[in-house]
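# Chains, contacts and geometry: an overview
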Amino acid sequence: NPDTEEEEDRKPSENEPTAALAFKIATDPFMGRLVFFRVYSGKVEAGSYVYNPRSGKKERISRLFQMNSNKEIPMQSIDAGDIGAGVGFKDIRTGDTLCSEEHPIVLESMSFPDTVLSIAVEPKSQADIAKLDNGLAKLAEEDPTFTVRTDEQSGQTIISGMGELHLDIIIDRLKREFKVECNQGKPQVNYKEAISRAAQSRETFKKQSGGRGKFACIDVTIGPKDEDYKEGDLQFINEVKGGNVPKEFIPSVQKGFADCLSNGVLGGFPMTGLKVTLTDGSFHPVDSDQLSFELVAHQAFKVLCPKAGPVLMEPIMKVEVVTPEENMGDVIGDLNKRRGLVQGMEEGRSGARIVKAMVPLAEMFGYVTALRTITSGRATSSMEYDHHAPLSSTIAKAVLEEVKGHAELL
């Protein structure tokens, strides 16, 4: 219950209050946004209003359908236990709960992993820029594991997803459904940055430009975040005593560090797992304001991170290969060449062997083609993101030289 934060039971009956989960959003060329949902209790009726606890708004469902392949069967209501599709939603995301406003409830949503692979895309003709933006926005709305952003330095449109095949299908859908032909850049692995040890500093920000100036001073220690801290990438601890930094400025220090996380000091990759402890500081009764403390946090981040042993982190994929037994040695040898760590082998069906390994994503480009060559097309593979792990300094230097042309901080 979003109001009381306590768990409630709902029986799978039409007489219970409505509770449904939106599990897929599709863009239909004729009907617009089509939302697939499953009703767990109560029923959803065409023309009725449902409440979305995430947005806090009511939505009107104008039409309901039962989907049979690519045919839509109009329905008056979808009852408990059934799956249906609705049209008319304005603000909805995959994983949202739809319920009655009198009896609000939030069903367990899906958790989506971070993207691991990025490519740059651009339309083949200038006339298609608007169509590309529109197509990418609709695809990102449908798929929570697909993101679109504009690179501030190069101005390129960067799309990110869960692997080569995922992005290939996105490019293909742009061509088929939105009639946009794209040029695409070389795939880029989504590296992250972290720090390996603590560092401490006292930073002062002063600016005098006639009239009221800017002043802020903080004593701060940064280090890797605690292993049991699960609430985000920034763990902020305030240990200021005696009001040396007024309470109203402390959120500005936290915001300053949070803003810096998107742009690390090594190669501008996102920063993960940073613990910031604010121990002391000072302020000026006239010149200090929230912006001053935000800017001194930016300054402290840039000074301290290079001293705190910054490391580059790469995505590690959980790879599973099903191969005939006679090719198993070649498959394992190839995975070892790709810096893979074989974790086990199991018996598969009809004499096949299943090889399980952890392999860096950077080494897995073109793996399907290589695997077909090794096994004469008889093996299959699947992979999913597992975690980010530190890169060795030699490979990290090569990555940074490719990205920035230098790697002096390592």
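Shown above is the structure to which this text applies.
The sections below set out a description of the structure shown in this document. These numbers come from a predicted model, not from an experiment. (Residues numbered from 1 in each chain as written. Predicted model: local features only at pLDDT ≥ 70, side-chain atom pairs only at ≥ 80, totals over all residues. Heavy atoms only, no water.)

Another point: the overall build of the protein chain. Within the protein chain, the regular secondary structure consists of seven helices and 24 strands. Dimensions of the protein chain, computed from C-alpha atoms along their principal axes, come out at roughly 70 × 65 × 50 Å. By the burial criterion, 43% of the 410 residues in the protein chain qualify as buried. Expressed as a percentage of contacts within the protein chain between residues at least 6 apart in sequence, the contacts between residues at least 24 apart total 71%. Taken as a whole, the protein chain presents about 22,100 Å² of accessible surface, with 48% of it coming from carbon and sulfur. Taking the 49 positively charged and 62 negatively charged side chains of the protein chain as two groups, their mean positions are separated by 4 Å. (Helix = DSSP H or I, 4+ residues; strand = E, 2+ residues; numbered from the N terminus. Buried < 20%, exposed > 50% of the residue type's maximum accessible area, 1.4 Å probe, protein only. Contact = heavy atoms within 4.5 Å. Areas by Shrake-Rupley, 256 points an atom, 1.4 Å probe, with all protein chains shown as cover. Lys, Arg positive; Asp, Glu negative; His and termini not counted. Charge placed at Lys NZ, Arg CZ, Asp CG, Glu CD.)

Each pocket or cavity is described by its volume, and for the largest pocket that value is around 1,300 Å³. Along its surface, the largest pocket is lined by 34 residues, and Arg149, Asp151, Gly268, Phe269 and Pro270 are the ones closest to its centre. Listing elements by their share of the lining of the largest pocket, those giving two or more residues are strand S11 (117-123), strand S12 (147-150), strand S13 (157-161), strand S15 (188-189) and helix H7 (393-404). Taken together, the residues of the lining of the largest pocket sort by class into 10 nonpolar, 16 polar and eight charged. Of the voids in this model, the second largest pocket is the one considered here, and its volume is about 430 Å³. Around the second largest pocket sit 21 residues that line it, and Lys225, Thr272, Gly273, Met313 and His388 are the ones nearest its centre. Looking at the lining of the second largest pocket, the elements with two or more residues in it are strand S16 (192-195), strand S21 (310-324) and strand S24 (380-390). In terms of residue count, the dominant contributor to the lining of the second largest pocket is S24 (five residues). Looking at side-chain class alone, the lining of the second largest pocket contains eight nonpolar, six polar and seven charged residues. (1 Å grid on protein atoms, 1.4 Å probe; cavity = no way out; pocket = protein on both sides within 12 Å on 5 of 7 lines; lining within 4 Å. Points joined across faces, edges and corners; volume = space filled by probe spheres on them. Nonpolar A, V, L, I, M, F, W, Y, C, P; charged D, E, K, R; others polar.)

The next thing to look at is the side chain of His388. One can find His388 in strand S24. Judged by relative accessible area, His388 falls into the buried class, the value being 14%. In terms of polar contacts, His388 uses its side chain to reach the backbone carbonyl oxygen of Asn190, at 3.0 Å. Separated by 2.8 Å, the side chains of His388 and Tyr385 make a polar contact. (Polar contact = N/O pair within 3.5 Å; in protein donor to acceptor, adjacent residues only side chain to side chain.)

This part covers helix H5 (residues 328-337). Among the residues of H5, those classed as buried are Met328, Val331, Ile332, Asp334 and Leu335. Seen end-on, H5 carries its buried residues on one side only, within an arc spanning 160°. Away from its buried face, by an angle of more than 90 degrees, H5 presents the exposed residues Gly329 and Lys337. The elements touched by buried residues of H5 are S21, strand S22 (341-347), strand S23 (352-360) and helix H6 (367-375). Note on H5: the residue one or two positions beyond its end, Arg339, has a positive phi of about 60°. (Arc of directions from axis to C-beta.)

Another aspect to go through is the side chain of Glu203. Among the secondary structure elements, Glu203 is positioned in strand S17 (residues 199-207). Side chain to side chain, Glu203 and Ser201 meet in a polar contact 2.7 Å long.

With that out of the way, let us pick up the sheet that holds strand S18 (residues 214-224). Overall, mixed pairing links the four strands, which are arranged S17-S18-S20-S19 in an open sheet. Edge strands, defined here as strands with exactly one partner in the open sheet, are S17 and strand S19 (234-238). Across the sheet, the mean angle from the axis of one strand to that of its neighbour is 25°, orientation sign disregarded. The pairing of S17 with S18 spans nine bridges and is antiparallel. Each bridged residue has a counterpart across the sheet, and for Ser201 the counterpart in S18 is Val220. Contacting S18, S19 and strand S20 (274-282), helix H3 (residues 250-260) crosses the sheet at an angle of about 155° to S19. Sitting on the sheet, helix H4 (residues 290-304) is in contact with S17, S18 and S20, with an inclination near 40° to S18. (Pairing = 2+ DSSP bridges. Axes fitted to C-alpha atoms, helices over the stretch in contact; angles between N-to-C directions.)

A separate point is the pattern of salt bridges. Across all of its chains, the model carries 25 salt bridges by this definition. The salt bridge partner of Glu177 is Arg173, with a shortest N-O separation of 2.9 Å. One end of the pair is Glu177 and the other is Arg173, both in helix H2 (residues 164-177) and four residues apart, which spans about a single turn. On the accessibility criterion, Glu177 (36% relative accessible area) is partly exposed. The exposure class assigned to Arg173 is buried, which follows from its relative accessible area of 18%. With a shortest N-O distance of 2.9 Å, Glu314 and Arg339 are connected by a salt bridge. Separated by 25 residues along the polypeptide, Glu314 in strand S21 and Arg339 in the loop between H5 and S22 bring together distant segments of the chain. Look at Glu314 and you get buried, because its relative accessible area is 3%. Because the salt bridges share partners, they merge into one network encompassing Arg54, Asp91 and Asp96. (Salt bridge = Lys/Arg side-chain N within 4 Å of Asp/Glu carboxyl O.)

Glancing now at the pairing of S20. Pairing of S18 with S20 involves eight bridges; the strand directions are antiparallel. Across the sheet, the residue bridging to Asp219 is Asp280, located in S20. Note: S19 against S20, five bridges, orientation parallel. If you follow Ile237 over to S20, its bridge partner there is Thr277. On the question of chirality, the crossover connecting S19 to the parallel S20 by way of H3 is left-handed. (Right-handed = clockwise from strand over helix to strand, strands pointing away.)

Geometry only, nothing functional implied.
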